[in-house]
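Residue-level listing of the chains:
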Amino acid sequence: MKKLNFLILLSVFGLTAGAQNSSFLLYSFKGNVTVVENNAESKAKVGKTMNSTATIKVGPSSAVTLICNEVAMFTLTKAGTYRLNQFGDSCKVSSNSVSANYVKYVWAQMTKSGGSPGSNRKAYMNNVGAVTRGINNIWVDPRLDTVNYSGGEFPLSWKSYADAKQFDFFLYNSENIAEPFYATTVSKLKISIPAFTARMKTGETYYWISAVKGEENEERKVLNYVSKEVFSSLLNDILKQGAQFEGPAEQAYRTAFMLEDAHYLSEAYQYYTKAATLDPANALYRSTLMSFKKDYEIK
């Protein structure tokens, strides 16, 4: 019996200690939410970090979503006063949690003291393509190895190791066919996808190559022309993965991140823009939009 009591006490102590050592980040809120720290009360602010000694006050018809210890996200919707040291169990990742990669990313960006927020998104994404360097004068960002596209203005871009003024662009409907079904020459290091979508069919996979005019390049990149229905289904799944409460700007930003991770770059751009527009004071949203545009040569 003494051994059993000791184990119970040890377990309780472990849970209490875990809660007391937790750190929290205010991810999203609505209505009247305040934070009490060191007997001082202040209005809630997205991005605010707190330790377990803080208290959250949630007013009627209000809600707040917190990130705990970089990995878990939970929401308080019932009016009341909550001591953060009581949420030890909420600091564990559950099977229905928002993408752990995204939660870790938001935590890292909102708590970093230097650098450009949002510039290292790919470090938290699952698949950004393989780094390749063929024997030619063209380099394509690995994030463009595969692009899923359903609509919107977005360019396919590249870099040139040569001081060239013109570039050939070729589009193929098979990975193995030698002759492109569409070819054009451009004077910029990019081409807008809508410039040639009239020649494609939704639901089909295409392959593209860019090369210095007159030179060869064998590195074909993938372009999936996705139907509106398929994209809509994916978008609905992403929207459902949010926390119990998520403000419009936070939802747009999470959606953009997850779309970029899924290689829907044009659509991700639309949602990064939406997030920055909905919350223009948020430095992370502004900085990420600028970084995204720089990454993909969007002017």
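Residues numbered from 1 in each chain as written. Predicted model: local features only at pLDDT ≥ 70, side-chain atom pairs only at ≥ 80, totals over all residues. Heavy atoms only, no water.

Novice: Let's hear about the packing of helix 4 (residues 248-261) against helix 5 (residues 265-278): which residues, and what values?
Specialist: Following both chains from N to C, one finds helix 4 and helix 5 inclined at 160°, their axes separated by 8 Å at the closest point. In terms of their interaxial angle, helix 4 and helix 5 are classed as roughly antiparallel. The interaxial crossing formed by helix 4 with helix 5 has left-handed handedness. In contact with P248, A249, A252, Y253, T255, A256, F257, L259 and E260 of helix 4, helix 5 contributes L265, E267, A268, Y271, Y272, K274, A275 and L278. Classifying every residue of the contact of helix 4 with helix 5 gives 13 nonpolar, one polar and three charged. (Axes fitted to C-alpha atoms, helices over the stretch in contact; angles between N-to-C directions. Helix = DSSP H or I, 4+ residues; strand = E, 2+ residues; numbered from the N terminus. Parallel < 35°, antiparallel > 145°, perpendicular 65-115°, else oblique. Left-handed = near helix turned anticlockwise from the far one by under 90°. Contact = heavy atoms within 4.5 Å. Nonpolar A, V, L, I, M, F, W, Y, C, P; charged D, E, K, R; others polar.)

Novice: Account for the nonpolar core, naming residues and giving values.
Specialist: Ranked by size, the top nonpolar core spans 59 residues in total, and within it L156, W158, F169, F196, L223, Y272 and F292 carry the most contacts. Dropping the residues within four chain positions of it, F196 is found in contact with L156, F169, L171, Y182, I191 and L223. Grouped together as the second largest cluster of nonpolar side chains are 18 residues, F24, V58, Y82 and L84 included. (Core = buried A, V, L, I, M, F, W, Y, C linked by side-chain atoms within 4.5 Å. Buried < 20%, exposed > 50% of the residue type's maximum accessible area, 1.4 Å probe, protein only.)

Novice: I'd like a rundown of the side chain of S210, residues and numbers included.
Specialist: On the secondary structure map, S210 appears in strand 16 (residues 204-212). Classification of S210 as buried rests on a relative accessible area of 1%. Not counting the four nearest positions on each side in its chain, S210 is found in contact with I138, V140, W158, D168 and N217.

Novice: Could you give an account of the environment of K92, naming the residues involved and the relevant values?
Specialist: Residue placement: K92 occurs in the loop between strand 8 (80-83) and helix 2 (100-111). Look at K92 and you get exposed, because its relative accessible area is 52%. As for K92 and M73, which are separated by 19 residues in sequence, their C-alpha atoms are 8.6 Å apart.

Novice: Account for the packing of aromatic side chains, naming residues and giving values.
Specialist: Tallied over the entire structure, the rule returns 24 aromatic pairs. Between Y253 and Y272, the aromatic rings sit 5.7 Å apart at their centres with planes inclined by 65°, giving edge-to-face as the arrangement. Of this pair, Y253 sits in helix 4 while Y272 sits in helix 5, placing them 19 residues apart in sequence. The exposure class assigned to Y272 is buried, which follows from its relative accessible area of 0%. Geometrically, the ring pair formed by Y272 and F292 is tilted, given 5.2 Å between the ring centres and 50° between the ring planes. Linking Y272 in helix 5 with F292 in helix 6 (residues 283-295), this pair joins segments that are 20 residues apart in sequence. Just as Y272 is buried, F292 falls in that class too. An aromatic cluster is built from Y27, Y102, Y105, Y124, F154, Y253, F257, Y269, Y272, Y285, F292 and Y296, whose rings are joined through pairwise contacts. When the ring centre of Y172 is taken as reference, the NZ or CZ atom of R220 above it lies at 3.7 Å. (Phe/Tyr/Trp six-rings, centres within 6.5 Å; stacked < 30°, edge-to-face > 60°. Lys NZ or Arg CZ within 6 Å of the ring centre and 35° of its normal.)

Novice: Before we move on, could you go through the state of the cysteines and cite the residues and values that matter?
Specialist: Enumeration according to the criterion identifies one disulfide in this entry. One disulfide bridge connects C68 with C91, the sulfur atoms lying 1.8 Å from each other. Its S-S torsion of about 85° marks the bond between C68 and C91 as right-handed, since a negative value means left-handed. One end of the pair, C68, is in strand 6 (residues 63-68); the other, C91, is in the loop between strand 8 and helix 2, and 23 residues separate them in sequence. With relative accessibility at 11%, the residue C91 sits in the buried group. (Disulfide = S-S within 2.5 Å.)

Novice: Give me the lowdown on the packing of helix 4 against helix 6, citing residues and values where you can.
Specialist: Interhelical geometry of helix 4 versus helix 6 gives an angle of 30° and a closest axis separation of 11 Å. Relative to helix 6, helix 4 is oriented roughly parallel. Handedness of the helix 4/helix 6 crossing: left-handed. On helix 6, the residues touching A249, E250, Y253 and E260 of helix 4 are L284, Y285, T288 and F292.

Novice: Before we move on, can you summarise the side chain of N148 with the specific residues and values?
Specialist: The topology assignment puts N148 in strand 10 (residues 146-149). Given the relative accessible area of 13%, N148 is considered buried. Within the local environment of N148, its side chain forms a polar contact with the backbone oxygen of A262, the two atoms lying 2.9 Å apart. Setting aside residues no more than four positions away along its own chain, N148 makes contact with N224, V226, A262, H263, Y264, L265 and E267. (Polar contact = N/O pair within 3.5 Å; in protein donor to acceptor, adjacent residues only side chain to side chain.)

Novice: Would you mind going over helix 5 in detail, with residue names and values included?
Specialist: Here helix 5 is 14 residues long and its end C-alpha atoms lie 20 Å apart, about the 20 Å a rise of 1.5 Å per residue gives. Within helix 5, burial applies to L265, S266, E267, A268, Y269, Y271, Y272, A275 and A276. (Expected span 1.5 Å × (residues − 1).)

Novice: Please provide a residue-by-residue account of the pattern of salt bridges, values included.
Specialist: This model, assessed by the stated rule, comprises twelve salt bridges. A salt bridge links D295 to R143; its shortest N-O distance comes to 3.3 Å. In this pair, D295 is assigned in helix 6 and R143 in the loop between strand 9 (138-139) and strand 10, connecting sequence segments 152 residues apart. A cluster of three or more residues bridged by salt bridges with shared partners is formed by R121, D141, R143, E260 and D295. (Salt bridge = Lys/Arg side-chain N within 4 Å of Asp/Glu carboxyl O.)

None of the figures reported here should be taken as evidence of function without further support.
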